[in-house]
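For reference, the chains in residue letters:
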Amino acid sequence: MRRTSASLVAGALVAALAWASGPSSPAVALDPTPGVADLTQDLNQILADSRLTIAQAGVMVRSAANGEELYSTDAGKLLVPASNAKLFTSAAAAEVLGLDYRFTTGVLSSGRRSGPVLNGDLVLRGTGDPTLLAEDYDALAAEVAAKGVRLVTGKLVADDTWFDDVRLGQDWAWDDETAYYAAPISALTASPDRDYDAGSVIVSVAPDGDGVKVSTTPETSYLKIVNNARAGSATDVLIERRHGTRTVVITGTVASSYSEYVSVDDPAAYAATLFRDALGKRGVRVLGKTVAGAAPEGAAELAKRESMPLSELLVPFMKLSNNIHAEILTKAMGRKVAGRGTWEAGLKASSDFARANGVQVLNLRDGSGLSRRDGITPSSIAQLLIGVRDEPWYQTWYDSLPVAGDADRFVGGTLRSRMRNTPAAGNVRAKTGSLTGVTALSGYVTSADGEPLVFSIMLNQYLSSAPRDIEDKIAVRLAQFSRTAPVDAAVQLKSATQEGPDLECSWLKPVQC
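For the structure given in this document, a descriptive report is provided here. (Residues numbered from 1 in each chain as written. Predicted model: local features only at pLDDT ≥ 70, side-chain atom pairs only at ≥ 80, totals over all residues. Heavy atoms only, no water.)

Let us now look at the overall build of the protein chain. Each helix and strand counted, the protein chain has 11 helices and 23 strands in total. Looking at the protein chain residue by residue over its 513 residues, the buried ones come to 57%. A separation of at least 24 residues holds for 70% of the contacts in the protein chain among residues at least 6 apart in sequence. About 20,500 Å² of surface is accessible on the protein chain, with carbon and sulfur atoms providing 50% of the total. (Helix = DSSP H or I, 4+ residues; strand = E, 2+ residues; numbered from the N terminus. Buried < 20%, exposed > 50% of the residue type's maximum accessible area, 1.4 Å probe, protein only. Contact = heavy atoms within 4.5 Å. Areas by Shrake-Rupley, 256 points an atom, 1.4 Å probe, with all protein chains shown as cover.)

Take a look at the structure:
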C-alpha cells in the first residue's frame with residue numbers, strides 16, 4: 001500500500017509539473033559578445049517549436065575549458081533523463097570498479113573425487129557477467145571434462161548470490177517484464193549474441209511449408225514454445241512470453257523470417273540450463289536436479305571464465321544504450337563498495353561519485369534510466385560532463401559515447417542515423433535518452449573556433465512524436481558556434497535525421513538502426 005501511494009503521489013506531481021510549466025522562457029544572453037548573443041537568439045528560436053508548448057524543456061550549454069555558461073533555460077528543473085542516467089552509471093563504474101574490472105564465472109565443487117566420479121554437487125557461480133554466451137558455458141563444461149570428471153552424483157547448483165534476489169527495478173512498468181530491455185537482473189546470466197543483451201533469447205520464426213518453424217538463439221530447452229502461428233501471405237506475428245513464466249506463445253501469420261528478443265523469467269536457471277546441456281555434450285553427466293543455492297565455503301574451483309575488461313564493455317554498453325549492463329554495473333558497484341550487490345548500495349556509489357564531482361541535484365532510482373522516477377537536471381549533467389574530464393579514465397569513457405552520423409553501430413551507436421552531413425557529424429559525442437514522452441541528448445561538441453563545449457538537452461511531457469530534430473538542431477548550431485562571429489546560415493536538418501519510430505533504436509530490436 002505504501003508503494004502504491006508513493007507512486008500515485010509521484011505521478012500526480014509529474015502531471016502537475018507538466019501542465020504548470022508551459023514552454024521554456026526565452027533565455028537571455030549570458031555574454032554580450034556577438035557570437036554568444038547570436039547563439040542565444042538561435043537556440044531560443046529552436047526551442048520555440050510549437051511541439052514544446054505544453055512540454056518541459058531544459059537546456060544547458062557550457063564551455064568545457066573554463067566552465068562558463070553560454071546558454072541556459074530551465075536548466076535547474078528536475079526532469080526524467082531516460083538513458084541519460086547511464087552517463088552517471090558508466091562514469092561511476094569507471095571510477096569505482098576501474099577500467100580493468102572483469103566479471104568472473106566459476107565452476108566449483110566441495111565433493112570428493114573418486115576417479116571420474118565427483119561425489120557431491122557441482123556449483124556454477126556468477127558475479128554478473130553480461131557477456132557470457134552459450135559458447136562460453138560450453139568452454140566451462142569443456143574445462144570440467146578436461147579435469148577428468150564424467151559423473152556428478154549430486155546436484156547442479158546455480159549460485160547467483162553475488163547480487164541480491166531483487167530481479168526488477170521497483171519502478172519498472174509491469175508490462176515491460178517480458179521485454180529484453182527490462183530483463184531480470186542476476187549475477188548469473190547469459191546473452192544471445194554480441195550485443196550482450198543479458199537475460200534474453202532470440203526467438204525466430206520462418207515459413208515451413210504450410211506451417212511455421214521456430215528456433216532460438218542460443219538453442220535451448222529452457223523456454224516452452226507454444227506455436228500457434230501459421231503460414232500466410234504476409235508476416236504479422238506476435239512472439240510474447242507469458243508474464244512470470246517460461247512459456248512463449250507465438251500467434252499470427254508468417255511469410256518470411258522474423259526474430260524477436262524475449263527476456264527469460266529466471267536468468268540464473270536459464271544459464272544453468274545452458275551449462276547442463278553443455279556438460280552433457282562434453283560427456284559429463286549430473287545425476288541430481290538443478291537448484292538455486294550458494295557455493296559452500298572451501299569449494300574447489302574446477303573451471304573459470306573472465307569477461308572482457310570494463311574498458312571494452314563500455315562500448316556495447318554506451319553505444320547501444322544497454323539497460324542490463326547499467327543495472328549489473330550498479331549492483332557490482334554496491335558489492336564492491338558496501339559488500340552488498342543491491343540497487344540501494346550501487347546507486348549510493350553512483351550518487352556519491354556524482355556529488356564528489358560537483359553535481360548538486362540528482363535522484364537515481366536505477367542505473368539505466370528505465371524508471372520514470374529518475375530525476376536529473378540539465379545543469380547536473382553538464383556539471384558531470386565537465387567534472388570527469390580530468391579523470392585518468394576519461395578518454396576511454398569519452399570514446400564510448402555515440403558519435404553523430406557515423407554509420408558503424410559500434411561507433412555511431414544510437415546516433416548513427418542522426419546529424420549526417422552537418423557540422424555535427426563526427427563531432428558530437430553524446431548520450432541519447434528515450435522513453436515515451438521523454439527524449440534527451442547530452443554530451444560534447446567542438447565549436448567552429450575549436451572550443452570544447454558540453455551540453456544537455458532534456459525534453460519531457462510532449463504529446464507528439466519524439467522531437468529529436470530539436471536536439472539535433474541545437475547540437476548542429478553548437479558545432480557552428482563562434483564567439484567572434486554570428487552564424488548567418490539557418491540550421492537545416494531535413495536530411496540529417498533519419499525518419500524513424502518514436503523511441504531510439506536501442507529499444508527496438510531486432511531492427512538495427
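Continuing now.
To continue, consider the sheet that holds strand β8 (residues 156-159). With mixed pairing, the 5 strands of this open sheet are ordered in space as β17-β8-β6-β3-β18. Where the open sheet ends on each side, the last strands, each with one partner, are β17 (290-292) and β18 (300-306). Strand-to-strand twist across the sheet, computed as the mean angle between neighbouring axes with direction ignored, equals 20°. Bridge analysis of strand β3 (residues 104-109) against strand β6 (residues 122-125) gives 3 bridges, and the strand direction is antiparallel. Residue pairing in the sheet places G106 in a bridge with R125 of β6. Strand contacts of helix α4 (residues 134-146): β3, β6 and β18, with the helix running at about 150° to β18, the strand carrying the most contacts. (Pairing = 2+ DSSP bridges. Axes fitted to C-alpha atoms, helices over the stretch in contact; angles between N-to-C directions.)

Let's shift gears to unusual backbone geometry. The omega torsion of the bond from T217 to P218 falls at 0°, within 30 degrees of zero and hence cis. Assignment of secondary structure puts P218 in the loop between β10 (211-217) and β11 (224-227). Positive phi is not limited to glycine here, since D74 has a value of about 50°. Within the secondary structure layout, D74 lies in the loop between β2 (69-73) and α3 (85-96). Phi angles above zero are rare outside glycine, and S321 is one such case at about 55°. As for its placement among the helices and strands, S321 is situated in the loop between α6 (310-319) and α7 (323-338). Accessibility expressed as a relative area gives 4% for S321, which makes it buried.

Turning our eyes to something else, we now look at the pairing of β2. In the sheet, strand β1 (residues 56-63) pairs with β2 via 4 bridges, with the strands oriented antiparallel. Paired with M60 across the strands is S72, a residue of β2.

Right, let's talk about helix α5 (residues 267-281) for a bit. Structurally, the α-helix is built with 3.6 residues per turn, so residues lying three or four positions apart point the same way. Under the 1.5 Å per step criterion, the end-to-end length of α5 is 21 Å for 15 residues, consistent within 8% with the ideal 21 Å. Burial runs high along α5: 11 of the 15 residues are buried. Where α5 is concerned, the buried positions are P267, A268, A269, Y270, A271, A272, T273, L274, F275, A278 and L279. The opening residue of α5 is D266, an N-cap whose side-chain oxygen sits 3.2 Å from the backbone nitrogen of A268. Note on α5: the residue one or two positions beyond its end, G283, has a positive phi of about 85°. (Expected span 1.5 Å × (residues − 1). Polar contact = N/O pair within 3.5 Å; in protein donor to acceptor, adjacent residues only side chain to side chain.)

This brings us to the sheet that holds β1. Neighbouring strands of a sheet are bound in pairs by backbone hydrogen bonds; such pairs are parallel or else antiparallel. Read across the open sheet, the 5 strands follow the order β2-β1-β23-β22-β21; overall the sheet is antiparallel. Bordering the open sheet on either side are β2 and β21 (429-435), each of which pairs with just one other strand. Put simply, the sheet's adjacent strands are angled 5° from each other on average, direction ignored.

Under the criterion given, the structure shown has 23 salt bridges. For D38, the salt bridge is made with R477, and the minimal N-O distance between the two is 2.9 Å. Here D38, found in helix α2 (residues 34-47), pairs with R477, found in helix α11 (residues 468-480); they are 439 residues apart in sequence, far enough to count as distant. Exposure remark for D38: the relative accessible area of 13% places this residue in the buried category. Taking relative accessible area as the criterion, R477 reaches 1% and is therefore assigned buried. D42 is paired through a salt bridge with R477; the nearest N and O atoms lie 2.7 Å apart. Of the two residues, D42 sits in helix α2 while R477 sits in helix α11, which places them 435 residues apart along the sequence. In terms of burial, D42 and R477 fall into one category: buried. Linked through salt bridges whose partners overlap, the residues forming this network are D49, R51, D469 and K473. (Salt bridge = Lys/Arg side-chain N within 4 Å of Asp/Glu carboxyl O.)

Before going further, it helps to spend a moment on the environment of Y180. Mapped onto the fold, Y180 is located in the loop between β8 and β9 (200-208). Sequence spacing of Y180 and V201 is 21 residues, and the spatial spacing of their C-alpha atoms is 8.2 Å.

So, on to the environment of L310. Residue placement: L310 occurs in helix α6. Note on L310: relative accessible area 2%, which makes it buried. Separated by 220 residues in the primary sequence, L310 and S90 have C-alpha atoms spaced 9.6 Å apart.

Turning our attention to the packing of aromatic side chains. Going through the model one piece at a time under the given rule, you end up with 12 aromatic pairs. Aromatic pair Y394 and W397: ring centres 6.3 Å apart, planes at 40°, arrangement tilted. One end of the pair, Y394, and the other, W397, are both in helix α10 (residues 394-399), 3 residues apart, so they sit about a helical turn from each other. With respect to burial, Y394 and W397 carry one shared label: buried. Centroid distance Y394 to Y444: 5.9 Å. Interplanar angle 75°. Geometry classified as edge-to-face. In this pair, Y394 sits in helix α10 while Y444 sits in strand β22 (residues 438-446), placing the two residues 50 residues apart along the sequence. (Phe/Tyr/Trp six-rings, centres within 6.5 Å; stacked < 30°, edge-to-face > 60°.)

Here we take up the packing of α4 against α5. Packing of α4 against α5 brings their axes to within 8 Å, and their N-to-C directions diverge by 45°. Taken together, the axes of α4 and α5 lie oblique to each other. In the packing of α4 onto α5, the handedness of the crossing is right-handed. Facing α4, whose interface residues are Y137, D138, L140, A141 and V144, α5 presents A271, L274, F275, A278 and L279. Taken together, the residues that form the contact of α4 with α5 break down as 9 nonpolar, no polar and 1 charged. (Parallel < 35°, antiparallel > 145°, perpendicular 65-115°, else oblique. Left-handed = near helix turned anticlockwise from the far one by under 90°. Nonpolar A, V, L, I, M, F, W, Y, C, P; charged D, E, K, R; others polar.)

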